[in-house]
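Here is what each chain is made of, one letter per residue.
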Amino acid sequence: MSYEYIYQPAKQQAEANTLLLLHGTGGTEHDLLEIAQFIDPNANVLSLRGNEPERHMNRFFKRHGEGNLDIENLKYHAKDLYNFIEALAWEKGFNPANVVPIGYSNGANIAGGILYLYDNPFKGAILLHPMVPFRDEEMPNLSHTPVFIGAGTNDPICAPSESEELKTSLQSAGSPVTLHWEDYGHSLSMSELQAAKGWYATAV
Ligand code: MLT
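Residues numbered from 1 in each chain as written. Predicted model: local features only at pLDDT ≥ 70, side-chain atom pairs only at ≥ 80, totals over all residues. Heavy atoms only, no water.

1. Looking at the site of the ligand
The full set of residues close to the ligand is Thr25, Arg59, Phe61, Arg63, Gly67, Leu69, Ser105, Asn106, Asn109, Met131 and Ile157. Contact distances for the ligand include 2.8 Å between an oxygen atom and a side-chain N or O atom of Asn109. Within the complex, the protein chains bury 97% of what would otherwise be the 260 Å² of accessible surface of the ligand. Of the residues in the shell around the ligand, the class split is four nonpolar, five polar and two charged. (Near = heavy atom within 4 Å. Polar contact = N/O pair within 3.5 Å; in protein donor to acceptor, adjacent residues only side chain to side chain. Areas by Shrake-Rupley, 256 points an atom, 1.4 Å probe, with all protein chains shown as cover. Nonpolar A, V, L, I, M, F, W, Y, C, P; charged D, E, K, R; others polar.)

Following this line, the structure appears as structure tokens:
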């Protein structure tokens, strides 16, 4: 499947990272552009619009209800999205080895699905309020994929125990994981983004 997307090439494109922006439920490809600029103004930006709508809301895969993911559909879209990025890298001339997703909520979960399916699929990943995507597959090798998790002590969609579980399974695959806590529920906060920016500057 294809995607509606925004692509903004960096000025020095050759070895620039490419920030892959993946919005939350009901969002658009415009939502995270300012965050990408804040995290790395020198990166290419590729921002996708989810192509599995739920009534009028854009999503990246189906769910049975809030926080109740359709695992088979998630795996299907995770593979499809991964292949889409590989193909677009050829077309646009960015290095697919230098892709760093920034995903929020539903967007973090599709990025998590890719991390759970492929060896080192990204240069690093910023997952903001993610869930555990699924539990029924062997973990791949993630020893070259550092991950930042932004979690909420009082997140009603993703319980703290699930954030800890996500950290532990990514670590079991060899990923260096930074788990950052806030207490703004499922919302993004400025301090969380500051922490993600600091992590990105050293880890990726
Ligand atoms: C999901 O469906 O991916 C999670 O429940 C988060 C969300 O509602 O976007």
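On we go from here.
2. Details of the layout of surface pockets
Put simply, the largest pocket is a space of about 180 Å³. A total of three residues in the lining of the largest pocket trace back to one element, the largest contributor, which is helix H1 (residues 33-39). Classifying every residue of the lining of the largest pocket gives seven nonpolar, four polar and one charged. (1 Å grid on protein atoms, 1.4 Å probe; cavity = no way out; pocket = protein on both sides within 12 Å on 5 of 7 lines; lining within 4 Å. Points joined across faces, edges and corners; volume = space filled by probe spheres on them. Helix = DSSP H or I, 4+ residues; strand = E, 2+ residues; numbered from the N terminus.)

3. Quick notes on empty space enclosed by the protein
Applying the stated criterion across every chain yields a total of one cavity of 30 Å³ or more. When its volume is computed, the largest cavity comes out at roughly 30 Å³. Lining the largest cavity are Tyr82, Ile85, Glu86, Pro96, Val99, Pro121 and Phe122. Per-element accounting of the lining of the largest cavity gives the leading share, three residues, to helix H2 (residues 71-92).

4. Some words on the nonpolar core
In this structure, Leu20, Leu48, Leu81, Leu115 and Leu170 are the most contacted members of the largest nonpolar core, which totals 41 residues. Those elements giving two or more residues to this core turn out to be strand S2 (18-22), strand S3 (44-48), H2, helix H3 (106-115), strand S7 (125-128), strand S8 (147-152), helix H4 (160-172) and strand S9 (177-182). Looking at which element gives the most residues to this core, the answer is H2, with eight residues. With near-sequence residues (within four places) excluded, Leu48 lies in contact with Tyr3, Glu4, Tyr5, Leu20, Leu21, Leu22, His23, Glu29, Phe60, Leu81 and Phe84. Membership of the second largest hydrophobic core comes to 20 residues, among which are Leu21, Leu32, Leu33 and Ala36. (Core = buried A, V, L, I, M, F, W, Y, C linked by side-chain atoms within 4.5 Å. Buried < 20%, exposed > 50% of the residue type's maximum accessible area, 1.4 Å probe, protein only. Contact = heavy atoms within 4.5 Å.)

5. A closer look at helix H5 (residues 190-203)
Compared with the 20 Å implied by 1.5 Å per residue over 14 residues, the 20 Å span of H5 between its first and last C-alpha is a close match. Listed as buried for H5 are Glu192, Leu193, Ala196, Trp199 and Tyr200. Down the axis of H5, the buried side of the element spans an arc of 120 degrees, and every buried residue falls inside it. Turned more than 90 degrees away from the buried face of H5 sit Ala201 and Thr202, all of them exposed. Tucked inside the fold, the buried residues of H5 contact S2, H1, strand S6 (99-104), S7, S8 and S9. (Expected span 1.5 Å × (residues − 1). Arc of directions from axis to C-beta.)

6. Some details on unusual backbone geometry
We note that Asn120 has phi near 35 degrees; this positive angle belongs to a residue other than glycine. Mapped onto the elements, Asn120 comes out in the loop between H3 and S7. Taking relative accessible area as the criterion, Asn120 reaches 23% and is therefore assigned partly exposed. A positive phi angle is found at His129, which is not glycine, with a value near 60 degrees.

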